[in-house]
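Examining the three-dimensional arrangement
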Amino acid sequence: MGRKAKFSASEESRRGKGKKAKRQKEPEFRIVDSGKVEKLGRRAKQRAAKRKVKELVKREKKAIKNKFAKQREVEDELKNGIEETSTKRQPLFEDSDASSAEDDASYEEPSGSFKAEASFEEDENDDDDDVEEEEEEEDGDAEEDECKVGTLDDLAVDEDGSGAEEEEEDEEESYDEDDEDDDSDEEDDDDELPVERQAKRLKKEQELEAKLAKEEEQMQINVVSKDVFHFPSETEIDEPIAITDVEQRIRDVLMVLMNFKQYRDPEKPRTEYISLLKKDLCTYFSYNEFLVEQFVQLFPLTELMDFLEASETQRPLTIRANTLKTRKRDLAQALISRGANVESVGKWSTVGLVVYESPVPIGATPEYLAGHYLLQGASSMLPVMALAPQENERILDMCAAPGGKASHIAAVMKNTGTLFANDVNKERARAIVGNFHRLGVINSVICSYDGRKFSEVLKGFDRVLLDAPCSGTGVISKDPSVKTSKDKQDIQRCYNLQRELLLEAIDCVNAKSPTGGYIVYSTCSVLPEENEWVVDYALKNRDVKLVDTGLDFGNEGFSSFRNLRFHPSLKLAKRYYPHTHNMDGFFVAKLKKFSNIIPNSTKNPEHDNTDWLEAKSSDNEAEQEGTQSDEKQEESKEEIKSKKSEDKGVKQKKSKKSSNVTPDKKKQNSNLERNESKGVKKEKTKLKNKKVNGKVDSKEDTKQKVGKGDKKKHSKNVGLKRKGKNTIDNAVDDQNKQVNGVQAVEKQSKNAKRKRKQKDLKRLSNKNDQ
Amino acid sequence: MRRLSDERTKLLFEKLSKFIGPNVKLLIDRPDGQYVFREHKERVFYVSERLLKFAESVAPDHFVSLGTCFGKFTKSGKFLLHVTALNYLAPYAQFKIWVKPSAEQQFLYGHNVNKAGLGRITESTPKYQNVVVFSMNDLPLGFGVAARSTAECKHADPLATVCFHQADIGEYIRNEEGLL
């Protein structure tokens, strides 16, 4: 056991020639003058060859060792700290050097007789053994370095027995100086196992390969760059080309655009490259021009392709465990027992599971039917997490169908409190019924109101979730029809609706709620006009502020986009993209309402309503050809605007109005004026008449206008809208019937009176509310 | 939204007691607040009074659903229990039938349960007793009527029906519109 400490050393020392070898008689060679062996057996030849190899190896190693020893010395000198060890070492090295010198001497006589050499060798071996013995004696203070030195000698001597061939390979492989250096390293830890050595060699090879590959790559890049993409001529652009060529061209153009100074064609401006890129993207991904334009503006060029490609592929199928009926772990087990491969969707969610593969349809297992889970995109769990519903709260989901998020809210509330799930479409609201019953949600009221009028039904919610209807540009992988079906007008419609819904959602919330007062706005669109711009509009028109969503991942919202400047706090909103988060494109913003007062929009709302898409298009006039339809649109918009201004200028209106009102109407109006003495009343009837006119003129216009007008008057009267409709109907009837004006006026005045009463009531109730 | 008439209340409770017997009163006397039955367009909803208060502000035209829908009164004046009531029937059920995994799917597609698919049955189930159907791992699958008593089941032919199908959770997919 006492030898254990020197275990390695003793082992090394035993690796020398065995006793048998020493005792063996030396072979006899007869050598001719030319140096060739006269007559040798096969074995003898082999031995000779081995010896030669050994000789070479030894010499090389000696040289390296010398070099190394010198380096060591220098280092040691530098290290003044441990001088004793260095002095100890030096003589040892010298010894070995001396022996090596001897060896050299013996080997540097190639023409000399082999016999002599052989005898020498024996001597040398003896010497070596002596050295070993000495070392062993000295090993009392065994230092690793010393051992190493000893082993080096040993290996040099005996390696031929086992590893001569390996050594040969080594030599073959040492192509250049670098490798030799590596070899020296290798020598340094020569007490490694052959496996380790091989591994090192492999590593070396790999490095070399990597280097070569890198060079090659560089070369290729150079080739590509040399073979600079030349901009196609106009005729070439119009020619149809193969889809693979389009792809290549997209990549080329992207490359040029990313390093524009270097690769550009000096005669072509950047816009031309970009328009070519857009055109190619349209063909390659089959988008319409408008949407590609939006995406080009939204994403940096590096991300653009990633986004578009990610929009082609399906997102992983995710399910949400229904905590009302089961737990995530139990559900995962149940599904795994059915042969499905499921995994948690990530640390951020406690209920989400990803289904990688399933032999059974995951939407029809008995567990699904029993309501233990439902299919829901990963992104759809985010708004509810942001909303953070508390138990016993009153919560509204304004656009709830098909009830995925709403049931999530109920699950978080543990079926306590009150949940209103609303959806404008009655058929879709039925889907909520099915899901809620399946999932066991019992604290809910499901109704189908127009979300824009919900505050007439009920107010004072603690939290409201508004997952607004949108263009769906974030879920193109789910519904590719978006690619071609959406244009400027659709986006416009979307964001107008979203604004109205968001304002209404804010109005439904009770700011003084002890636990809540929050609104979460989310869409599955990535366009800023449907997201940040809508929220910004709400910030301007209601007493709300943005707060942190509580989601710890996702990109920041934009605080500015192109020509638009949003409120800086919009950075607190979160954006999700298919290519970065592997979930549907999504936007989540959380608002906190801090007062129930609805500020009179003294700011010019028109300023807000300016069509920035229009502004954008004017930015890029070169690209966007002003089509007739566009012009028409602008015209109609102008009309609307002028009408709006009429709405405001109350007194001046009369004259203007009379110009486009039928004579019958004129009569009515004049009668009205006579009959009704109060100014306020008059104004309102006028407003209504205006609306009637609008309706008569063009229905679309009225639609928009009514919406806007409502918003403006919102502060004053909510109930008025309902009444307003009646009056509109009445007035239209009157027109149609062409009955005499007096009757009509009587009706109108009645209506006006009723309206006034209603208004007073509303005022009172508002006061009470506040 | 209105209270059930006495007649209809009687119909409803008779039906419910066929499944859960005297446990019906547990639906009414709950420790966690008052729960009531309300009728809207022939549908019967089971809901807490607290929720009802809020639901009353919803106009009938825009009202879709509230709490849990138990079923509806048919044109012939009977009460038809919907599968949506299963959440309340299953925990209180007096007579149960468990079906084997091989027969689960069949039942969920709206078929009767035959002897071969019968895993377990409550002891001393009388013939034509209303039963709740479970899967072997106690997942409520639906409800029906026992076609044979427990004793008869033991000696029945493997293909003989032991439970007539009334409603199953497969309807959530098959018949989403009919749930209300």
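Values in this document were obtained by computation on a predicted structure and should not be read as measured data. (Residues numbered from 1 in each chain as written. Chains lettered and ligands numbered in written order. Predicted model: local features only at pLDDT ≥ 70, side-chain atom pairs only at ≥ 80, totals over all residues. Heavy atoms only, no water.)

**Here's the deal with the packing of aromatic side chains**
All names here are of chain A. Quick note on the threshold: Any two rings among Phe, Tyr and Trp, with Trp reduced to its six-membered ring, count as a pair given centres within 6.5 Å; such a pair is stacked if its planes are under 30 degrees apart, edge-to-face if over 60, and tilted if neither. Helical segments are the DSSP runs of H or I of at least four residues, strand segments are the runs of E of at least two, and each set is numbered from the N terminus. Only protein chains enter the area calculation, which uses a 1.4 Å probe; residues under 20% of their type maximum are buried, those over 50% are exposed, and those in between are partly exposed. Whether a charge sits over a ring comes down to the Lys NZ or Arg CZ being within 6 Å of the ring centre and within 35 degrees of the ring normal.
Counted according to the given criterion, the structure contains 30 aromatic pairs over all chains. Ring centres of phenylalanine 231 and tyrosine 273 lie 4.9 Å apart, and the angle between their planes is 80 degrees; this geometry places the pair in the edge-to-face category. Residue phenylalanine 231 is found in the loop between helix H8 (194-226) and helix H9 (234-238), and its partner tyrosine 273 is found in helix H12 (residues 270-285); the two are separated by 42 residues along the sequence. Residue class for phenylalanine 231 comes out buried when judged on its relative accessible area of 9%. A cation sits over an aromatic face here: arginine 499 above tryptophan 533, 4.4 Å from the ring centre.

**Regarding the sheet that holds strand S2 (residues 35-40) of chain B**
Residues and elements named next belong to chain B. Applied cut-off: Here the rule is simple: two strands pair whenever DSSP picks up at least two bridges between them. In this analysis, two residues are considered to be in contact whenever any of their non-hydrogen atoms come within 4.5 Å of each other. Axis definition: a line fitted to C-alpha atoms, limited for helices to the stretch in contact. Angles are taken between N-to-C directions and run from 0 to 180 degrees.
The sheet built from five strands is open, its strands ordered S1-S2-S3-S5-S6 with antiparallel pairing. What marks the edges here is a single partner per strand, and that holds for strand S1 (2-3) and strand S6 (79-81). The sheet contact formed by strand S5 (residues 68-73) and S6 spans three bridges and is antiparallel. Looking across to S6, one finds that phenylalanine 73 is bridged to phenylalanine 79. Sheet strands touched by helix H1 (residues 6-20): S1, S2, strand S3 (43-48), S5 and S6. Its angle to S6, the strand with the most contacts, is close to 40 degrees.

**Topic: the packing of helix H10 (residues 243-258) of chain A against helix H14 (residues 301-310) of chain A**
Residues and elements named next belong to chain A. Rules: What sets the label is the angle itself: under 35 degrees gives roughly parallel, over 145 gives roughly antiparallel, 65 to 115 gives roughly perpendicular, and the rest give oblique.
Two elements in contact, H10 and H14, have axes separated by 9 Å at closest approach and are oriented at 155 degrees. Between H10 and H14, the crossing angle belongs to the class labelled roughly antiparallel. Where H10 approaches H14, its residues Ile250, Arg251, Leu254, Leu257 and Met258 are matched on the opposing element by Leu301, Thr302, Met305 and Glu309.

**Remarks on a negative patch on the surface**
Operational definition: Patches in this entry comprise residues that are over 30% relatively accessible and not in a salt bridge; like charges within 9 Å are linked, as are nonpolar side chains (Val, Leu, Ile, Met, Phe, Trp, Tyr) within 5 Å. In this description, accessible areas are obtained by the Shrake-Rupley approach with a 1.4 Å probe, and a residue is regarded as covered only by the protein chains that are shown. Salt bridge, as used here: a side-chain nitrogen of Lys or Arg that lies within 4 Å of a carboxyl oxygen of Asp or Glu. Just so you know, the count uses Lys and Arg for positive and Asp and Glu for negative, and it drops His and the chain ends. Here the site of a charge means atom NZ of a Lys, CZ of an Arg, CG of an Asp or CD of a Glu.
Residues Glu234, Glu236, Asp238 and Glu239 of chain A make up a contiguous surface patch of negative charge. Within the secondary structure layout, glutamate 236 of chain A lies in helix H9.

**Examining the interface of chain B and chain A**
Across the boundary between the two partners, chain B contributes 32 residues, which contact 34 residues of chain A. In this structure, the connection of chain B to chain A is made through one salt bridge. For glutamate 104 of chain B, the salt bridge goes to arginine 338 of chain A, with nearest N and O atoms at 3.7 Å. Those elements giving two or more residues to the side of chain B that touches chain A turn out to be helix H3 (49-55), strand S4 (63-66), S5, helix H4 (86-92), helix H5 (101-108) and helix H7 (171-174) of chain B.

**Regarding the sheet that holds strand S10 (residues 130-135) of chain B**
Strand pairing in a sheet relies on backbone hydrogen bonds, with the paired strands running either antiparallel or parallel. All names here are of chain B. Spatial ordering of the open sheet is given by S8-S12-S11-S10-S7-S9, a layout of six strands whose pairing is mixed. This sheet does not close on itself; its edge strands, each paired only once, are strand S8 (113-114) and strand S9 (118-121). Packing against the sheet, H5 makes contact with strand S7 (96-99), S8, S10, strand S11 (140-146) and strand S12 (161-168), and its axis sits at approximately 80 degrees to S11.

**Details of the UniProt feature "binding site: S-adenosyl-L-methionine" (unreviewed entry) in chain A**
Residues and elements named next belong to chain A. Going by this rule: UniProt positions are given in the numbering used here, feature names are shortened, and annotations may be inferred rather than shown by experiment.
Mapped onto the present numbering, the UniProt feature "binding site: S-adenosyl-L-methionine" (unreviewed entry) falls on Cys399, Ala400, Ala401, Pro402, Gly403, Gly404, Lys405, Asp423, Asp450 and Asp467. Structurally, alanine 401 can be placed in the loop between strand S5 (394-397) and helix H18 (404-413). In this structure alanine 401 comes out as buried when scored by relative accessible area, which is 11%. In this structure, alanine 401 is in contact with Asp423, Arg428 and Ile432, ignoring residues within four places of it in sequence. If you trace the backbone, lysine 405 turns up in helix H18. Residue lysine 405 is classed as buried on the basis of its relative accessible area of 13%. Not counting the four nearest positions on each side in its chain, lysine 405 is found in contact with Gln376, Ser380, Pro383, Val384, Asp397, Leu465, Asp467 and Phe586.

**Brief notes about the pattern of salt bridges**
Taken as a whole and judged by the stated rule, the model has 26 salt bridges over all chains. For arginine 493 of chain A, the salt bridge goes to aspartate 490 of chain A, with nearest N and O atoms at 3.5 Å. Here aspartate 490 of chain A and arginine 493 of chain A lie together in helix H22 (residues 488-508), a separation of three residues that amounts to about one turn. With its nearest N and O atoms 3.4 Å apart, the salt bridge here joins glutamate 39 of chain B to arginine 2 of chain B. Remark: arginine 2 of chain B occurs in strand S1 and glutamate 39 of chain B occurs in strand S2; sequence separation between them is 37 residues. Note on glutamate 39 of chain B: relative accessible area 3%, which makes it buried. Residues joined by salt bridges that share partners form a network here, namely Arg2, Arg8, Glu39 and Glu42 of chain B.

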